[in-house]
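# Descriptive analysis of the structure
Given next are the chains, with one letter for each unit.
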Amino acid sequence: MNYSSRFLCALYIATSAGLAWTTVLEVQYGPAWAACLFAAASLVPLIAVVRETVIGEQRRWLLELVARVGRGSDAAEAIVRAELDSACCERWWTSLGSEHDVTCRHGMPRSSSAA
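Residues numbered from 1 in each chain as written. Predicted model: local features only at pLDDT ≥ 70, side-chain atom pairs only at ≥ 80, totals over all residues. Heavy atoms only, no water.

### What about the pattern of salt bridges?
- Under the definition given, this model contains 1 salt bridge.
- A salt bridge links Glu52 to Arg51; the nearest nitrogen and oxygen atoms lie 3.7 Å apart.
- Glu52 sits in the buried class, given a relative accessible area of 8%. (Salt bridge = Lys/Arg side-chain N within 4 Å of Asp/Glu carboxyl O. Buried < 20%, exposed > 50% of the residue type's maximum accessible area, 1.4 Å probe, protein only.)

Here's what the structure looks like:
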């Protein structure tokens, strides 16, 4: 994670803490609906912290991939190759991930009842 990402995470956590404190004050002195609203709002910056860490991991993974493969179009080809290799089967591709071929190792039975 770089400096700007760390700064954003610190800002998000401070914002979340401020909203959580406002929630406590609203529980004590304000209406219940406002307390619920501030409680929900205090969770949004925490989601942003998770997003920043995921983006940082993806950047690190991409830099490692580029370093392994090399520069230029080789990196793009390696990314496409990795995505194609991680796919299950042809039916999974054509059904947008909702169905699997019978021989696919990731396929799940349609019914949980015993036959």
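So that's the structure; there's more coming.
### Topic: the side chain of Ser5
- Relative to the helices and strands, Ser5 is located in helix H1 (residues 3-29).
- Residues in contact with Ser5, not counting those within four places in the same chain, are Glu52 and Arg59. (Helix = DSSP H or I, 4+ residues; strand = E, 2+ residues; numbered from the N terminus. Contact = heavy atoms within 4.5 Å.)

### Some details on the packing of H1 against helix H2 (residues 32-69)
- Axis separation between H1 and H2 bottoms out at 8 Å; the angle between their running directions is 165 degrees. The angle between H1 and H2 falls in the class roughly antiparallel. The way H1 lies across H2 gives a crossing that is left-handed.
- Here the contact of H1 with H2 is composed, by residue class, of 16 nonpolar, 6 polar and 3 charged. (Axes fitted to C-alpha atoms, helices over the stretch in contact; angles between N-to-C directions. Parallel < 35°, antiparallel > 145°, perpendicular 65-115°, else oblique. Left-handed = near helix turned anticlockwise from the far one by under 90°. Nonpolar A, V, L, I, M, F, W, Y, C, P; charged D, E, K, R; others polar.)

### A closer look at a nonpolar patch on the surface
- A cluster of nonpolar side chains, contributed by Trp21, Val24, Leu25 and Tyr29, occupies part of the molecular surface with about 460 Å² of accessible area.
- Here Tyr29 lies in helix H1.
- The exposure class of Tyr29 is exposed, given its relative accessible area of 68%. (Patch = residues over 30% accessible without salt bridge, like charges linked within 9 Å, V, L, I, M, F, W, Y side chains within 5 Å. Areas by Shrake-Rupley, 256 points an atom, 1.4 Å probe, with all protein chains shown as cover.)

### Re H2
- The terminal C-alpha atoms of H2 lie 56 Å apart, and with 38 residues this matches the ideal 56 Å at 1.5 Å per residue to within 8%.
- The complete set of buried residues in H2 reads Ala34, Ala35, Ser42, Pro45, Ala48, Val49, Glu52, Gly56, Leu65 and Val66. (Expected span 1.5 Å × (residues − 1).)

### Some details on the side chain of Thr23
- By the secondary structure assignment, Thr23 is in helix H1.
- Polar contacts involving the side chain of Thr23 include one to the main-chain carbonyl oxygen of Leu19, which spans 2.8 Å.
- Among the polar contacts listed, one links the side chain of Thr23 to the backbone oxygen of Phe38, at a separation of 3.3 Å.
- Setting aside residues up to four positions removed in sequence, Thr23 forms contacts with Ala35, Phe38 and Ala39. (Polar contact = N/O pair within 3.5 Å; in protein donor to acceptor, adjacent residues only side chain to side chain.)

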